[in-house]
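Structural characterization, general
Below, each chain spelled out in residue letters.
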Amino acid sequence: MTRHEKFATPTISEKEFVLATDLDGTFLGGSDEDRARFYKWIETNRDRIGLIFVTGRDPGHVSHLTRKEGVPRPDYVVGDVGTTIAKMGADHLLSPIDTLEQLIADSWDNATAMVQATLHRFPGLRLQSSGFRYRMSYDLDPATFDPEAVTAIESLGLDVLVSDNQYFDVLPKGVSKGPSLLRLLDHLDIAHGRTLVAGDTLNDLSMLQTGLPAVAVGGSEQALIDLLDATVSVYQANGIGVAGIAEAIIHHRLFGQNRKAA
């Protein structure tokens, strides 16, 4: 073994534990003290812990969080509600993995203009300002929202995801957080049994139902909890945000003999 090989940083597939986590309400949730402690634990053990963000947020927002807000830099990002699959570099910029995104691009098939034209006539939806590649996201006003908007989009051969009673996402058929995460794990040869997924709203449902060790953190959307009650692989934590993730690491015994460090 060469000196370089001896001290080389392990690849994510070689690490003891991989955390694949939603951001808002989950990895960004909990008290300031809880987040500081948990983030420090991750940074101290980066040679043993892999980190994947699985979020509805766009690449620019994720880069800002890690560059300016003190959030640990992930190894990979499944962003835009599963429609972006990318590696994050040391410069905090995301590089899409073309071999994994091609299926997503093909499924979307340049549907942006068609989606906007279809939803223009429906009240209660306001297009978000982020730039989108393979999805469209709207803020939803439950007081004026017309559920027929869902039927209209599904008739186009696309999927609709309504979460937290305030977000309306239009996605390529069959594409969401869970399927995209599984494709990334398989692409990277990451063992499923060493990966914990964490979330708190309905847009995390497909991720929490992958069969991977999972946690719905404290304070999760009730509609999500109602759908997860019979899912044995999902631990329902009491702790909010990162405190709930720490509970689940211990519950699922995912960090070897030092799991109580979480």
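Figured I'd write up the structure that's included with this text. (Residues numbered from 1 in each chain as written. Predicted model: local features only at pLDDT ≥ 70, side-chain atom pairs only at ≥ 80, totals over all residues. Heavy atoms only, no water.)

Some points on the sheet that holds strand β12 (residues 234–240)
Paired through their backbone hydrogen bonds, the strands of a sheet run either parallel or antiparallel. The cut-off we apply is this: Only when DSSP finds a minimum of two bridges between them are two strands counted as paired. Labels follow the DSSP assignment, with helices taken as runs of H or I lasting at least four residues and strands as runs of E lasting at least two, numbered in each case from the N terminus. Note on definitions: angles span 0 to 180 degrees between N-to-C directions of axes, and those axes are lines fitted to C-alpha atoms, for helices only across the stretch in contact. In this analysis, two residues are considered to be in contact whenever any of their non-hydrogen atoms come within 4.5 Å of each other.
One open sheet holds the eight strands; their spatial order is β5-β4-β3-β2-β1-β10-β11-β12, and the pairing between them is mixed. Pairing within the sheet leaves two strands with one partner each, and these edge strands are β5 (94–96) and β12. The sheet shows a mean angle of 25° between the axes of neighbouring strands, taken without regard to direction. Where strand β11 (residues 214–218) and β12 come together, four bridges link them in parallel fashion. From the neighbouring strand, V215 faces β12, where its bridge partner is Y235. On top of the sheet, helix α8 (residues 177–188) reaches β1 (17–21), β2 (49–54), β3 (76–79), β4 (84–88) and β10 (195–199); it is set at about 155° to β3, its chief contact.

Describing the side chain of D200
Here is the rule we go by: Throughout this description, buried means an accessible area under 20% of the type-specific maximum (1.4 Å probe, protein chains only), exposed means over 50%, and partly exposed covers the range between. For the purpose of charge, His is not counted, nor are the chain termini; Lys and Arg are scored as positive and Asp and Glu as negative. Here, a salt bridge means any Lys or Arg side-chain nitrogen found within 4 Å of an Asp or Glu carboxyl oxygen. A 3.5 Å cut-off defines polar contacts: any pair of N or O atoms within that distance qualifies, except that in protein one atom must be a possible hydrogen donor and the other a possible acceptor, and neighbouring residues in sequence count only when both atoms are side-chain atoms.
Secondary-structure assignment places D200 in the loop between β10 and α9 (205–208). There is no salt bridge for the buried D200, and the closest opposite charge comes from K177, which lies 6.6 Å off by N-O distance. At 3.2 Å, the side chain of D200 and the side chain of T26 are in polar contact. Filtering out sequence-adjacent residues up to four positions away, D200 remains in contact with D22, D24, G25, T26, V217, S220, E221 and L224.

Some remarks on the nonpolar core
Our working definition: Nonpolar cores are built from buried Ala, Val, Leu, Ile, Met, Phe, Trp, Tyr and Cys residues. Side-chain atoms within 4.5 Å join them into one set.
One finds I52, V115, L119 and F168 to be the most contacted residues of the largest nonpolar core, which totals 49 residues. For L119, the residues in contact, after removing those within four places along its chain, are L125, Y138, A149, I153, F168 and V170.

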